[in-house]
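Structural overview
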Amino acid sequence: MVGNDWVNSYLEAILAAEPGIGDSKYSDSKSSLLLRERGHFSPTRYFVEEVITGFDETDLHRSWIQAAATRSPQERNTRLENLCWRIWNLARQKKQVAGKYAKRTAKRHLLRERARLEATADMSEDFSEGEKADVPGEILTPTDSSKGRMSRISSVDVFENWFAQHKEKKLYIVLISLHGLIRGENMELGRDSDTGGQVKYVVELARALGSMPGVYRVDLLTRQVSAPDVDWSYAEPSEMLNPLDTDTDQENGESSGAYIIRIPFGPKDKYVEKELLWPHIPEFVDRALSHVMQMSKALSEHIGGGKPVWPVAIHGHYADAGDSTALLSGALNVPMVFTGHSLGRDKLEQLLKQGRPKEEINSNYKIMRRIEAEELCLDASEIIITSTRQEIEEQWRLYDGFDPVLERKLRARMKRGVSCHGRFMPRMVVIPPGMEFHHIVPHDVDNDGEGARDDQNPQSHDPPIWSEIMRFFSNPRKPMILALARPDPKKNLVTLVKAFGECRPLRELANLTLIMGNRDDIDELSSTNASVLLSILKLIDKYDLYGQVAMPKHHKQSDVPEIYRLAAKTKGVFINPAVIEPFGLTLIEAGAHGLPMVATKNGGPVDINRVLDNGLLVDPHDQQAIADALLKLVSDKNLWTRCRQNGLKNIHLFSWPEHCKTYLSRIAGCKQRHPQWQSTDFENSDPDSPSDSLRDINDISLNLKLSLDGEKGEGKSTNLDAEAKLEKAVSTLAPKSTSTEKVYGSGKIPTLKRRKYIFVISVDCDKASDLLEVAKTVIDVGGGKNASSIGFILSTSMNVSETHSTILSGGLNPQDFDAVICNSGSELYFTSSASEDKTKLPYALDSDYHSHIEYRWGGESLRKTLVRWIGSVHEKKKKQHDGEILSEDESSSSNYCLSFKVKEPTLVPPVKELRKLMRVQALRCNAVYCKGGTKLNVIPVLASRSQALRYLLVRWGVDLSKMVVFVGDSGDTDYEGLLGGVHKTVIVKGVASDATARVLNGNRSYPLEDVTPVNSPNITRADQCDRECIKAALEKLSVKT
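Residues numbered from 1 in each chain as written. Predicted model: local features only at pLDDT ≥ 70, side-chain atom pairs only at ≥ 80, totals over all residues. Heavy atoms only, no water.

The name recorded for the chain in an unreviewed UniProt entry is Sucrose-phosphate synthase, from Raphanus sativus. If you open the UniProt record of the chain and go to Sequence similarities (unreviewed entry), you find "Belongs to the glycosyltransferase 1 family." (UniProt positions renumbered as here; feature names shortened; annotations may be inferred.)

See the structure below:
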C-alpha cells in the first residue's frame, strides 16, 4: 500500500486493540451501537476483507490522526471502528461507480456487436483475411534493427512522389484552434489552462507547414481577444509567422507564408475560458467563412490563374474548433482533418469513476456538448490525426462514430474497390507532434558531472533564468530533477514532491525544480491551481525541503530551452508524472536537449520512449516507483549517459519537417473536393441591371422541366428513378403531377445579393395557419409585396409541394419569396414567375446545392437501417401501443431526405439515440424531429437550414449579416443552429406549441443555454406575433424597414 503508511499504522493499531474488543468490559452501556449489534466484531478481518487497498483519502487520514492521538483505549477503539466504517462506505461508493462503468461498457459492447452484424449483413459480402488482419490507425513500423526506431520511409516516399507529380501546385491549408491566447513569439504557455501545449503545437505546425515545398499559404484561425487583462498583440487581426528556415529557397509570393488570423467572435473586450465559447461557434464559422472566401479570391489572382484557390484541407484542433471545422468544411465542401488533443468522453469516464455526478460534470465542463462536437468530427472528417496508438485504442474507441473493427473492414473494401453501402469511417493516422530543433545545440557534459555554472568565473554569461532558479538551492551543483507543467491535479505534481521528500537518498543527490506557469499571487489563481500550489508549499515545509526545491514565479517561453539546458548541464532528469498524458511534447523537448526522462506509463510517453529509448516509465500512482526511477537515473552515470545518447540519436524522428512530410502525404491521399458550380458565375455581370431578380427566375435560363409521364400519370404519386434521372431531372420532391426546374444560371446577379435585408422565416409551428400568420406579418412589416429592398426566404421542414400548398392556402404568392428552403435544409429552391403550365411548380431547384451536401450520404443503405430501426421501436413499445408508432413517408421523401411520420411522439426514442444507432453502423446523417415531433427528417450529415444560408454566401455571395432570421421560442431539433451567427435573430414568442418545446428539450443531451448566446446584440425577442411587436424587435436590431 505504497503512499498510505497511515493505513499500515491503522492496521497495526487495530491488531494491538484486538484483545479488548471481545472483553465483557467493552460490552457495557458505553460500547458503540455497532458493537452491541455485532457482538464480537473483528475490525482486522473486516478491514482485510472489505476495504480496498491503496485507497487514499485526505479526510480519512485526518480522522486517523485524531484517533491515534486519543489516549483512552475505549474511545480510541470506537473512533477506529467508526473510521473503518467510513472507509467501508467510501469503498462501497467506489464499487458502485465501478459497477455503473461496467454496465456502460457492456451496453456499449453489445450495441457495437449488433451494429457490426447488421453492417456485415448489409454489405452482404464475406470479408477476406486481408480485411481481418488490417490494423486500426497507423504508426509506422521499424525498418531496421535499432530499438524503437519509427520509420517514416513509406510516408516520405508517398509525399515525394506526390510532390514530383504536382510541382506546379501551391497548396492553401487552414488550421483552426479557438481557445487560449495564441501568438507566434513569447507564447504565454501556462498562463491558464487554455494556453498550454496545444497553443505551442498549432503555432509550430502552421510555421512548419508554411516552410514546406508545395505549400503556398497556411492560415491559423483563432479568436481575436481585445481585453484589458491580456496583451495588445492578441487583438491584432493578423500576424505573420517567421519561417523555420530563413535560408530556404522556396518561392515566395504575395500572401504566401504562414499567418495567424484572429477572428472576432464571442464577448467583446473579454477573455473567456473555452467552456464558455460554445454559444459563439456559429459566429466564428460565419466570419471564418468570409475570410476563407476572400483569401480564395485573392489567391486566385496570385497563383490560381483567375480560378478560386480553395483550401486543400481544413484542420480543427480540439472539440470546439472541430465543431467549427465540420460546419466550415461542409459550407465550403472541402476535406476536413481533426486532432482531438484531449477527448471529452475519456475525461467523462475518468470523472465518473471518481464518483462525481454527471450533472455537475456537465455544468462545469459542458462535457456533453463537447462529446457531441467530437462525434460530429468523426462524422465529417476524412482523417483523424492522433499522437499515439493509445489514443486510438483506448480513447477514440469509446465513441459511437468509431469502431476499429468496422473501420479496418471498410478500409479493406475501399482498397479493393468494393462498395461500402453508404458506410464511412474516418482514417485514424498516428503522426507524433514535431519540434523545432534548428536552434538547439546540445552541450557536452563532462564525465565528472560538474555541469553547473562556474560562480568563480566572472566571464561566464549564464542566462538570467539560471540564476533565478539557482538562487533557491543551497547546493546548486547537484543534478536537477525538472518538472514543467501547470499546477493542475492531473499533472500529479503533489505526488512528485511527496516522492522527493520521503526519499532521503534522492534528496541528498539531487535538487527539484518545478516550473508551474506564471503567477503574481497564488490568491489570484483559480481555486484548483491555487490548491495544488498550496499543497506543494505545505509539503516543502513538512519535509523541510528549503534549499532543495525551486519554484520560480515567472518565466518566458524563450527561457524554456535554457531551463532544459541547465537540467542537462547538471546531469539531471526530466519527469512527467501526469496521471495520464495524451502525448507529452515536453518529453520530446527534453530529449532534444539531451535530458533523460522519467514519465508516466499512461498514454503517449509509452510511444515516445519506444522511439527515443531515453528513460524509464512509472506508475504515476506509485510514489515509491517514482522515487526509485529518479534515483536510478541520477545515481547510475552509465545509464544516464546511455539514455542521453539514445535521445539525441533518435530525436530527429520527431522533427517538424518529418511530421509535415507525413502530414502532407495523408492530405494528398484524401479525395479532393471543393465548390464546383454547373451554372455560370455572376461575378462579372452588371450589378445595376433593372430586371435582375430571382423572383423573375425565367431570366435565369431554366433549361429543365419535369413533366408528366403522359396523361395516365395525372393525379398519381410515384417516385422517379434517382440514378437514371439525376443528371436530367430534379430530385423527386413531389408527386409527378407537379414539377420544378433546375437553376443553371445566366449572366445576371441574383437579386438576393443586392437586397438591403433578407428576412428568413424559420418559425417551426405544428399548424400551417400559425406559420402563415408569422409569414404574413413579417412580409407586412417588410414593406409589403412591392418592396424591393427586402427579400424573403421561407425555411421549413416540409417538401416543396407541401410548402407550395401551404403558401397558396394562406393567400400568399410563391413570388412573395425569393427562395424556399425545404426538407429541413436538404433542398434549396428559388421562386420563378408563374407559368401557364399548371403541372409545373413555380420554383427552380439549385442543383449545385445537392452536390454540395451529398458528402457521406448513405442513401438506400441508410433507408434500410432506418426501416429496421422502426421495426425495433415497434417491438419494444408493443406493450404500450398496439398500432404503428413510426412509418415511412415516401411522398415526402427525396433523394436527399428520408421522411417518416411519427404517430406517437411520446413513444419515439430521442434523436440522440437515433444518431447513436446510425453512428455505430458508420452511417453518417443528420436526424431532425419536426412539427412538434410528428415528423422525422433524415438528411445528409452536413446539411441543415443554417448551412443552407451559408451556402447562399458561398454560391451566390449573399451577405449573411444582411439576414434576419425569425424563429419561435422553440422549434425543431435543429433549432439551435438558427440562433447564433453574424445574422440577426428575432425570437417570436407564443408561436411554438408545448409539444414543440418538449421535442426540442427532450432530444438534447445538454441544456439549450450551453449553446445559446446570452445578451447577444444580434438576438432579440418579439413578445407576440403582431406588426408592432415585430417592428419594435427589428428596431432593437437597428433594422429599418
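Read on, since the account is not over.
**Thoughts on the nonpolar core**
Residues Ile176, Phe284, Leu332, Trp396 and Leu952 are the most contacted members of the largest nonpolar core, which totals 101 residues. Among the elements that line this core, the one with the most residues is helix α9 (residues 281-302), at nine residues. Formed by 38 residues, the second largest nonpolar core is a distinct cluster that contains Phe759, Val774, Ala775 and Val781. (Core = buried A, V, L, I, M, F, W, Y, C linked by side-chain atoms within 4.5 Å. Buried < 20%, exposed > 50% of the residue type's maximum accessible area, 1.4 Å probe, protein only. Helix = DSSP H or I, 4+ residues; strand = E, 2+ residues; numbered from the N terminus.)

**Let's talk about the sheet that holds strand β21 (residues 886-888)**
Backbone-to-backbone hydrogen bonds pair the strands of a sheet. The strands run either parallel or antiparallel. Spatial strand order, β21-β22-β24-β23: four strands in an open sheet with antiparallel pairing. Each end of this open sheet is capped by a strand with a single partner; those strands are β21 and β23 (926-930). Each adjacent strand pair in this sheet contributes to an overall mean axis angle of 25°, direction not counted. Bridge count between β23 and strand β24 (residues 935-939): five bridges; the pairing is antiparallel. (Pairing = 2+ DSSP bridges. Axes fitted to C-alpha atoms, helices over the stretch in contact; angles between N-to-C directions.)

**Digging into the confidence of the model for the chain**
Chain-level statistics for the chain give a pLDDT mean of 80 and a share of 76% at 70 or above. Per-element averaging of pLDDT across the chain places helix α26 (residues 722-725) at the bottom with 38 and strand β5 (residues 313-317) at the top with 98. Across residues 125-155, where pLDDT falls below 50, the model places 72 contacts with residues more than four positions away in sequence or in other chains. Ignoring residues within four places in sequence, the model shows residues 744-749, a span with pLDDT below 50, making 29 contacts including any to other chains. (pLDDT = per-residue confidence, 0-100. Contact = heavy atoms within 4.5 Å.)

**Focus: the packing of aromatic side chains**
Tallying each qualifying case throughout the model produces 12 aromatic pairs. With 5.5 Å between their ring centres and 90° between their planes, phenylalanine 830 and tryptophan 956 make a pair best called edge-to-face. Placement of phenylalanine 830 in strand β19 (residues 827-831) and of tryptophan 956 in helix α33 (residues 945-956) is noted, with a sequence separation of 126 residues between them. Exposure remark for tryptophan 956: the relative accessible area of 5% places this residue in the buried category. Members of the aromatic cluster, joined through ring pairs, are Phe338, Trp396 and Tyr399. Above the plane of the ring of tyrosine 259 lies arginine 217, whose end atom (NZ or CZ) is 4.1 Å from the centre. Above the plane of the ring of tyrosine 399 lies arginine 345, whose end atom (NZ or CZ) is 5.2 Å from the centre. (Phe/Tyr/Trp six-rings, centres within 6.5 Å; stacked < 30°, edge-to-face > 60°. Lys NZ or Arg CZ within 6 Å of the ring centre and 35° of its normal.)

**Examining unusual backbone geometry**
Phi angles above zero are rare outside glycine, and aspartate 613 is one such case at about 50°. Accessibility expressed as a relative area gives 21% for aspartate 613, which makes it partly exposed. The backbone of lysine 931 sits at a positive phi, close to 50°, despite the residue not being glycine. As for its placement among the helices and strands, lysine 931 is situated in the loop between β23 and β24. For lysine 931, a relative accessible area of 25% gives the class partly exposed.

**Observations concerning the pattern of salt bridges**
All told, the structure shown has 38 salt bridges when counted by the stated rule. A salt bridge links glutamate 188 to arginine 191; its shortest N-O distance comes to 3.7 Å. Residue classification places glutamate 188 among the partly exposed positions, given a relative accessible area of 24%. A relative accessible area of 29% means that arginine 191 is categorised as partly exposed. The partner of aspartate 607 in a salt bridge is arginine 610, with the nearest N and O atoms 2.4 Å apart. Highlighted residues: aspartate 607 and arginine 610, both in helix α22 (residues 605-612), separated by three residues, approximately one helical turn. A residue is classified by how much of its surface remains accessible, and aspartate 607, at 7% relative accessible area, is buried. (Salt bridge = Lys/Arg side-chain N within 4 Å of Asp/Glu carboxyl O.)

**Notes on the environment of methionine 240**
As for its position among the elements, methionine 240 is in strand β3 (residues 238-241). Sequence separation between methionine 240 and glycine 257 is 17 residues; the distance between their C-alpha atoms is 7.5 Å. Discounting residues that sit within four places of it in the chain, methionine 240 has contacts with Ser256, Ala258 and Tyr259.

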